[in-house]
Amino acid sequence: MTKDEIARIEKFLRKTLQSPAISVRVRPRKTDSAEVYVGEEFIGVVYEDDEDDDKSFNFQMAILAEDIAD
């Protein structure tokens, strides 16, 4: 992923999720994905999907049961 793509994804996520605290950061030793944070808390990964010349990006976020316990 290019720096421009990462910046555009960050802008999209901030607007869509209505949170200026979201940041998208380069992953060490990976070029096909980036890490997503809210503040300093890691929340997921954005993966580049460039199959069949139809580029898209997939955001994957795990939610632990302990994080949503009452």
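Refer to the structure printed above.
Rules of the game
- Residues numbered from 1 in each chain as written.
- Predicted model: local features only at pLDDT ≥ 70, side-chain atom pairs only at ≥ 80, totals over all residues.
- Heavy atoms only, no water.
- Phe/Tyr/Trp six-rings, centres within 6.5 Å; stacked < 30°, edge-to-face > 60°.
- Lys NZ or Arg CZ within 6 Å of the ring centre and 35° of its normal.
- Pairing = 2+ DSSP bridges.
- Helix = DSSP H or I, 4+ residues; strand = E, 2+ residues; numbered from the N terminus.
- Axes fitted to C-alpha atoms, helices over the stretch in contact; angles between N-to-C directions.
- Patch = residues over 30% accessible without salt bridge, like charges linked within 9 Å, V, L, I, M, F, W, Y side chains within 5 Å.
- Areas by Shrake-Rupley, 256 points an atom, 1.4 Å probe, with all protein chains shown as cover.
- Salt bridge = Lys/Arg side-chain N within 4 Å of Asp/Glu carboxyl O.
- Lys, Arg positive; Asp, Glu negative; His and termini not counted.
- Charge placed at Lys NZ, Arg CZ, Asp CG, Glu CD.

Colleague: Even after reading the chapter, I still don't get the packing of aromatic side chains, so can you show me in this structure?
Modeller: Both the distance between ring centres and the angle between the ring planes are used here to describe each pair of aromatic rings. Summed over all chains, the structure comprises one aromatic pair. Judged by centre distance (5.7 Å) and plane angle (70 degrees), the rings of Tyr37 and Phe42 are edge-to-face. The cationic tip of Arg25 hangs over the ring face of Tyr37; the distance from NZ or CZ to the ring centre is 3.8 Å.

Colleague: Quick question: what am I supposed to make of the sheet that holds strand β3 (residues 41-49) here?
Modeller: Strand-to-strand pairing in sheets goes through backbone hydrogen bonds, with the strands running parallel or antiparallel. In spatial order, the strands read β1-β2-β3-β4; together these four strands make up an open sheet with antiparallel pairing. What marks the edges here is a single partner per strand, and that holds for β1 (22-26) and β4 (56-60). Each adjacent strand pair in this sheet contributes to an overall mean axis angle of 30 degrees, direction not counted. In this structure, strand β2 (residues 33-38) lies alongside β3, joined through six bridges in antiparallel fashion. Its bridge partner lying in β3, Val36 is registered against Gly44.

Colleague: I tried to follow a negative patch on the surface on my own but got confused; where do I start?
Modeller: There is a patch of like negative charges on the surface, built from Asp50, Glu51, Asp52, Asp53 and Asp54. Of note, Asp54 is situated in the loop between β3 and β4.

Keep in mind these values describe shape, not function.
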